[in-house]
Amino acid sequence: MLVGICTDVGKIRNINQDSFFYSKIKELPLFVVADGMGGHKAGEVASKIAIETIEEILYNNEEKLKNNELQIPKFIDYALKEANRRVFLKSQDENYRGMGTTVTLAFVFGSEVFIGHIGDSRAYLLRDKELIQLTRDHSLVAELVRNGRISEEEAMNHPQKNIITRALGTDENIKIDITSHGINQKDIILLCTDGLTNMVSNDRIKEIILSSKDVNSSCDLLINTANDLGGIDNITALLVDIGLEER
């Protein structure tokens, strides 16, 4: 598996509130992106707490996961709920009140990838020149599109585009989306924050990945393209080439 990761503050923001993690344990390939929200530095704190919690729980359960004593969906559910608890607890501090974060993760296990998701960061699968979105945005505009109230084109410039309906850390109880998908050696997985998808269309994302020599080059070009188109938010892209050889 080849991994490429880029994160950038963008052209407007002063602080990068995105965070990411990828496992160094070969047998447990876990990848995570998080996009924090809140007042000055609060979003940065929320995404950092979420990422550090998931990392801690992964390493604390390394042997159980390797021995199949802890199933991947249960691990995802526990890790995200514990991250939620810690972020929510921190948000009771007056300096961090109202903070939260998106989290989108991918855990590759054999011929499957398990996705855990809350918020409007995204997971995609690139297969046979088709870019497939594996997550559903938890946002007001996405719900309007799903209900047929507005079109995809109208959603791109909707004034309430940044309102999310679910996030980690904003409530004591959260609903997490956990799904699984079959994968093969020619697949590429993309995890990204909305700083990329609000700027760059799915077709352009696909074109960039397909035309790049490797996942590191793809990440660089995705970030640069988002910035060239305005860079109004922090941007994070994490690419995983499931195949063992470089393209």
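Rules of the game
Residues numbered from 1 in each chain as written. Predicted model: local features only at pLDDT ≥ 70, side-chain atom pairs only at ≥ 80, totals over all residues. Heavy atoms only, no water. Helix = DSSP H or I, 4+ residues; strand = E, 2+ residues; numbered from the N terminus. Contact = heavy atoms within 4.5 Å. Areas by Shrake-Rupley, 256 points an atom, 1.4 Å probe, with all protein chains shown as cover. Pairing = 2+ DSSP bridges. Axes fitted to C-alpha atoms, helices over the stretch in contact; angles between N-to-C directions. Phe/Tyr/Trp six-rings, centres within 6.5 Å; stacked < 30°, edge-to-face > 60°. Buried < 20%, exposed > 50% of the residue type's maximum accessible area, 1.4 Å probe, protein only. Polar contact = N/O pair within 3.5 Å; in protein donor to acceptor, adjacent residues only side chain to side chain. pLDDT = per-residue confidence, 0-100.

**Some thoughts on the overall build of the chain**
For the chain, the helix and strand inventory stands at eight helices and ten strands. Of the contacts formed within the chain by residues at least 6 apart in sequence, a portion of 71% connects residues at least 24 apart. Total accessible area on the chain is roughly 12100 Å²; 45% of this is exposed by carbon and sulfur atoms.

**Observations concerning the sheet that holds strand E9 (residues 188-192)**
Ordered by their spatial adjacency, five strands build an open sheet running E1-E10-E9-E6-E7, and the pairing between neighbours is antiparallel. Edge positions in the open sheet fall to strand E1 (2-8) and strand E7 (130-133), since each of these has one partner strand only. Sheet twist, expressed as the average angle between the axes of neighbouring strands with direction ignored, equals 15°. Relative to strand E10 (residues 235-241), E9 is paired through five bridges, and the arrangement is antiparallel. Across the sheet, the residue bridging to cysteine 192 is alanine 237, located in E10. Lying over the sheet, helix H8 (residues 215-228) contacts E1, E9 and E10, oriented at roughly 20° with respect to E1.

**Some thoughts on the packing of aromatic side chains**
Overall, the coordinates contain two aromatic pairs when judged by the stated rule. Taking the centre distance of 6.2 Å and the plane angle of 85° together, the rings of phenylalanine 21 and tyrosine 59 count as edge-to-face. Here tyrosine 59 lies in helix H1 (residues 42-60) and phenylalanine 21 lies in strand E2 (residues 18-22), a separation of 38 residues in the sequence. Phenylalanine 21 gets classed as buried once you look at its relative accessible area, which sits at 6%. Centroid distance phenylalanine 75 to phenylalanine 107: 5.7 Å. Interplanar angle 85°. Geometry classified as edge-to-face. Here phenylalanine 107 lies in strand E4 (residues 100-109) and phenylalanine 75 lies in helix H3 (residues 72-90), a separation of 32 residues in the sequence. The same class applies to phenylalanine 75 as to phenylalanine 107, namely buried.

**A closer look at the environment of threonine 53**
Relative to the assigned elements, threonine 53 resides in helix H1. Sequence separation of threonine 53 and glutamate 82 is 29 residues, and the distance between their C-alpha atoms is 7.3 Å. When sequence neighbours within four positions are dropped, the list of residues in contact with threonine 53 reads Ala79, Glu82, Ala83 and Arg86.

**Re the side chain of asparagine 227**
In this structure, asparagine 227 sits in helix H8. On the accessibility criterion, asparagine 227 (10% relative accessible area) is buried. At 3.1 Å, the side chain of asparagine 227 and the side chain of aspartate 8 are in polar contact. Apart from residues lying up to four places away in sequence, asparagine 227 is in contact with Asp8, Gly10, Lys11 and Ile235.

**Some thoughts on the confidence of the model for the chain**
On average, residues of the chain score 91 in pLDDT, and 89% of them are at 70 or above. Element-level pLDDT for the chain is lowest in helix H5 (residues 152-156), with a mean of 60, against a maximum mean of 98 in E9.

**A word on the pairing of E4**
The buried count for E4 comes to nine of ten residues, which makes it a mostly enclosed element. As paired elements, strand E3 (residues 30-37) and E4 share eight bridges and run antiparallel to each other. Each bridged residue has a counterpart across the sheet, and for alanine 34 the counterpart in E4 is valine 103. Relative to strand E5 (residues 112-118), E4 runs antiparallel, the two sharing seven bridges. Across the sheet, the residue bridging to threonine 104 is histidine 117, located in E5. Linking two consecutive strands that pair antiparallel, namely E4 and E5, is a turn of two residues; a positive phi of about 60° is found at glycine 110 within it.

**Regarding the sheet that holds E2**
As a general point, the strands of a sheet are linked pairwise by backbone hydrogen bonds and lie either parallel or antiparallel. Strand order in the open sheet formed by five strands is E2-E3-E4-E5-E8, with antiparallel pairing between adjacent strands. In the strand order of this sheet, the two ends are held by E2 and strand E8 (177-182), each with one partner. Going across the sheet, the axis of each strand differs from the next one's by a mean of 10°, ignoring polarity. Running over the sheet, H1 touches E2, E3 and E4 and is turned about 155° from E3.

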